[in-house]
Amino acid sequence: MLTKLALAGVKNRRRDYLVLLAGLTMSAAIFYMFANLATNQAFIKANAVVKSASLVFGFGAVLLALITVVYIMYANSFLLSMRQHDYGLFMMLGAKRRRIGQLVVLETLILGAGATVVGIGLGILVSRFLVSFLLDLLGLHLAHLTAIYLPAMLFTAVLYIGLFILASLFNLMHLMRTTVQKLLHADQMAVQPKRHPGRQLLGGLVGVIFLAIGYWAMAAITDLKVTAIPVALVTITLGTYLLFHSTVLAIIAGLRRTSWAKKHLNGFLLGQLNFRVHDYTRMLTIVSLLFALALGAITVGSGYHRQMPMVADSLGTYAVAVHNPNHHQRQLIKQLHVAHQDTYTQKVRGKTTYYNAAELKRHPVEQLKSEQQTTHPHFTTQSLAKFKQDGLTRLDFLMLSPTKLGDFATPKLLSPQAFQRLKGKTYTVTTIRVKHLAADLSTLKQLDHSEQRRFPQHTAALTIGTYQSYMMLNGIFGGLEFIGYFLGIAFLAMLASCLMFKILSGAPGDARRYAMLNKDGVRRSLMRHSLAKEIGILFAIPGIMGVIDVLFGLQMFKPLMAKPMSPYLGIGGTFAIFLALYGLYYLMTLGLYLNLVLPKKSRHD
């Protein structure tokens, strides 16, 4: 009989259970996606240029685990709030606490185990799709990366099942200590937080100090090394929590004394926030951290993706050099956005490559201006006499030899007559510098492969042209680029799951309150605007704090993105796209919440 009543209660609240199960499943899937990278030591060693990458991922796993603990606490609190009225009703009808306790434990474990298993499966599917999509988009090939990784599956399963066992024991203790009357009326009770201005001021000051220490630690990563990461994680988390906790109540109290609070439903909105401030403080802290992690990871990933071609452009005077171009290669050259092109005649005799001095005088070889550290390189030319002194031994010119430095001697310049009389194999070499390397990568790839087939390169240790320099940089930093995008998307999904779950978990209570407002004759448009403001505040506060965290946190990547690269270069576009997605997510959440909370019919209808 008790089991039938429990199942009936679950059926009546199936929409709430669906929200709970979806949130927990998404949480497990995202944690598996991160664990898939964090526990894969072979992948980290092969693709991350940071020497202490394993330790960095370890700190990331600890942070995400702590966020997961808080998230499951919210989920468990939501589960308990849904069911404690039913449990009280069962006890009032004569059910024993021990029997109800068994039901509570079993229900919690079944829900948790189901969410964990489905979440790991979803994480595997999403990882497979996301990995393939990102690798194709970025043009990367990363070793030791797989969607199905047993250690990550075990790590996720042990953590989540363990947390749900603890949650079930907590629910059992709560049930045993709570009277039947409190269980029956728990969802009708509200806690009025007490204000302590002195404590709030002190908490705010301490929070600002903690934030300052965290931001300093990230900027001083060169001196603090790996120590900067745990220092920043702890101080920024504590600082954000204390700042939110001390300022939210003060801001609400200040707004209540203004004329704005007396307009429309603003007073009701401030009351809603005031009653929920403690839960919101913890949630806003987590969401602001997730916002900063997601935006920061995507910013770094997009920074590498955008800046590597720019850096490669500054490493040489031509993108590709083609010897004796055939018809296919000439057609490919026509497709390029050419900024500068020259063709020289070569003769090879023994180990030496000879050039016609008259050709180099008419078309001087371009050279990079020395000691420039910019993503917009400047080029210059020299007189023939000056070029003979130091230009012949420059790597860009040496690499034009058809032997590709397999076995060579310093090139020599001959007069037109001497060059004509010289016996040796004759070649022509065409050098092409493009306007923007990123715009011509696919065509340059075809040209380079064609050149390699016809004139094989004897050593892979040296690069010929800026296209090969880009491929070398991509091999070195491509792993960080992929990790940035992958983790950014994962943290963004975790943020969405956490914020949506917290907001939707308050829908049953809000539905009753807005039903009362509807009975009092409040217009539907006013209720809609009040909800839009409330949810907008929940989105805006962590968004603003997250942006501030990222602007300071990018200091950590200055050593990895030394000049001419910069972690701040071009971040405006990345921020705009991310905030647009965040705004779209706000509109989706608002639409769902309006559908759940607002009465179907207004008294004015």
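Residues numbered from 1 in each chain as written. Predicted model: local features only at pLDDT ≥ 70, side-chain atom pairs only at ≥ 80, totals over all residues. Heavy atoms only, no water.

1. Here we look at the overall build of the chain
In step 1: What the chain contains, in helices and strands, is 22 helices and 7 strands.
In step 2: Residues classed as buried in the chain amount to 50% of the 605 residues present.
In step 3: Partitioning the intrachain contacts of the chain with sequence separation of at least 6 by distance along the chain shows that 84% fall at a separation of at least 24.
In step 4: Approximately 29,000 Å² of the chain is accessible, and the part contributed by carbon and sulfur atoms is 65%. (Helix = DSSP H or I, 4+ residues; strand = E, 2+ residues; numbered from the N terminus. Buried < 20%, exposed > 50% of the residue type's maximum accessible area, 1.4 Å probe, protein only. Contact = heavy atoms within 4.5 Å. Areas by Shrake-Rupley, 256 points an atom, 1.4 Å probe, with all protein chains shown as cover.)

2. Thoughts on helix α15 (residues 384-391)
In step 1: Within α15, burial applies to L384, F387 and G391. Angular distribution of buried residues about the axis of α15 spans 65°; they occupy a single face of the element. Along α15, the residues that are exposed and aim more than 90 degrees away from the buried face are A385 and Q389.
In step 2: Buried positions along α15 lie against α14 (357-362), β4 (367-368), α16 (395-398) and β6 (412-414). (Arc of directions from axis to C-beta.)

3. Some points on the nonpolar core
In step 1: Judged by nonpolar contacts, the single largest core of 134 residues is most densely connected at L20, L24, F482 and F486.
In step 2: Apart from the residues within four sequence positions on either side, L20 is in contact with A75, F78, L79, M82, L111 and F501.
In step 3: Counting residues in hydrophobic clusters, the runner-up holds 16 residues, among them Y318, V365, L384 and L413. (Core = buried A, V, L, I, M, F, W, Y, C linked by side-chain atoms within 4.5 Å.)

4. A word on the pattern of salt bridges
In step 1: Under the defined criterion, the tally for this structure stands at 1 salt bridge.
In step 2: Between E366 and R433 there is a salt bridge; the shortest N-O distance is 2.9 Å. With E366 in the loop between α14 and β4 and R433 in strand β7 (residues 425-434), this pair connects stretches of sequence that are 67 residues apart. For the pair formed by E366 and R433, the shared burial category is buried. (Salt bridge = Lys/Arg side-chain N within 4 Å of Asp/Glu carboxyl O.)

5. Quick word on the packing of aromatic side chains
In step 1: Tallied over the full model, the rule gives 12 aromatic pairs.
In step 2: When the centroid spacing of 5.1 Å and the interplanar angle of 90° are considered together, the rings of F387 and F397 count as edge-to-face. One end of the pair, F387, is in helix α15; the other, F397, is in helix α16, with 10 residues separating them in the sequence. Comparing F387 with F397 shows no difference in burial state: the two are buried.
In step 3: Here F539 and Y582 contribute two aromatic rings whose centre-to-centre distance is 5.3 Å and whose plane-to-plane angle is 55°, an arrangement assigned as tilted. In this pair, F539 sits in helix α21 (residues 524-553) while Y582 sits in helix α22 (residues 571-597), placing the two residues 43 residues apart along the sequence. (Phe/Tyr/Trp six-rings, centres within 6.5 Å; stacked < 30°, edge-to-face > 60°.)

6. Some points on the packing of helix α8 (residues 197-219) against α21
In step 1: Following both chains from N to C, one finds α8 and α21 inclined at 35°, their axes separated by 8 Å at the closest point. Note on element contacts: α21 touches α8 through M545, I548, D549, F552 and G553, opposite L211, Y215 and M218.
In step 2: Broken down by class, the residue content of the contact of α8 with α21 amounts to 6 nonpolar, 1 polar and 1 charged. (Axes fitted to C-alpha atoms, helices over the stretch in contact; angles between N-to-C directions. Nonpolar A, V, L, I, M, F, W, Y, C, P; charged D, E, K, R; others polar.)

7. Describing the pairing of β7
In step 1: Most of β7 sits inside the fold, with 7 of its 10 residues counted as buried.
In step 2: Two elements, strand β1 (residues 320-323) and β7, share 4 bridges in a ladder whose sense is antiparallel. By the bridge assignment, A321 is partnered in β7 with T431. (Pairing = 2+ DSSP bridges.)

8. Here we look at the sheet that holds strand β2 (residues 338-349)
In step 1: The strand order β1-β7-β2-β3-β6 describes an open sheet built from 5 strands, whose pairing is mixed. Only two strands of the sheet have a single neighbouring strand rather than two, namely β1 and β6. On average, adjacent strands in this sheet sit at an angle of 35° to one another, irrespective of strand direction.
In step 2: Across 4 bridges, β2 lies against strand β3 (residues 352-356) in antiparallel orientation. Following the sheet pairing, V348 is matched in β3 by T353.
In step 3: Here helix α18 (residues 441-454) sits on the sheet in contact with β1 and β7, set at roughly 40° to β1.

9. Quick notes on unusual backbone geometry
In step 1: A positive phi angle is found at N324, which is not glycine, with a value near 45°.
In step 2: For N324, the location among the structural elements is in the loop between β1 and α13 (327-335).

10. Observations regarding a nonpolar patch on the surface
In step 1: A cluster of nonpolar side chains, namely L109, I161, I165, L166 and L169, defines an oily patch on the protein surface of about 400 Å² accessible area.
In step 2: For the nonpolar patch, the element with the most residues is helix α6 (residues 150-177), which contributes 4 residues.
In step 3: Note on placement: L169 falls in helix α6. (Patch = residues over 30% accessible without salt bridge, like charges linked within 9 Å, V, L, I, M, F, W, Y side chains within 5 Å.)

11. With respect to the pairing of β2
In step 1: Relative to β7, β2 runs antiparallel, the two being bridged by 10 bridges. Bridge pairing in β7 places Y344 opposite V429.
In step 2: Following β2, the chain reverses through 2 residues before pairing antiparallel with β3; G350 in that reversal takes a positive phi of roughly 65°.

12. Considering the packing of α8 against helix α10 (residues 228-256)
In step 1: Running from amino to carboxyl end, α8 crosses α10 at an angle of 150°, the nearest separation of the two axes being 7 Å. Taken as axis vectors, α8 and α10 run roughly antiparallel relative to one another. Regarding α8 and α10, the two cross each other, and that crossing is left-handed. (Parallel < 35°, antiparallel > 145°, perpendicular 65-115°, else oblique. Left-handed = near helix turned anticlockwise from the far one by under 90°.)

13. Quick notes on the environment of H196
In step 1: When you line up the elements, H196 lands in the loop between α7 (180-185) and α8.
In step 2: Each C-alpha atom of the pair H196 and L249 lies 9.7 Å from the other, and the pair is 53 residues apart in sequence.

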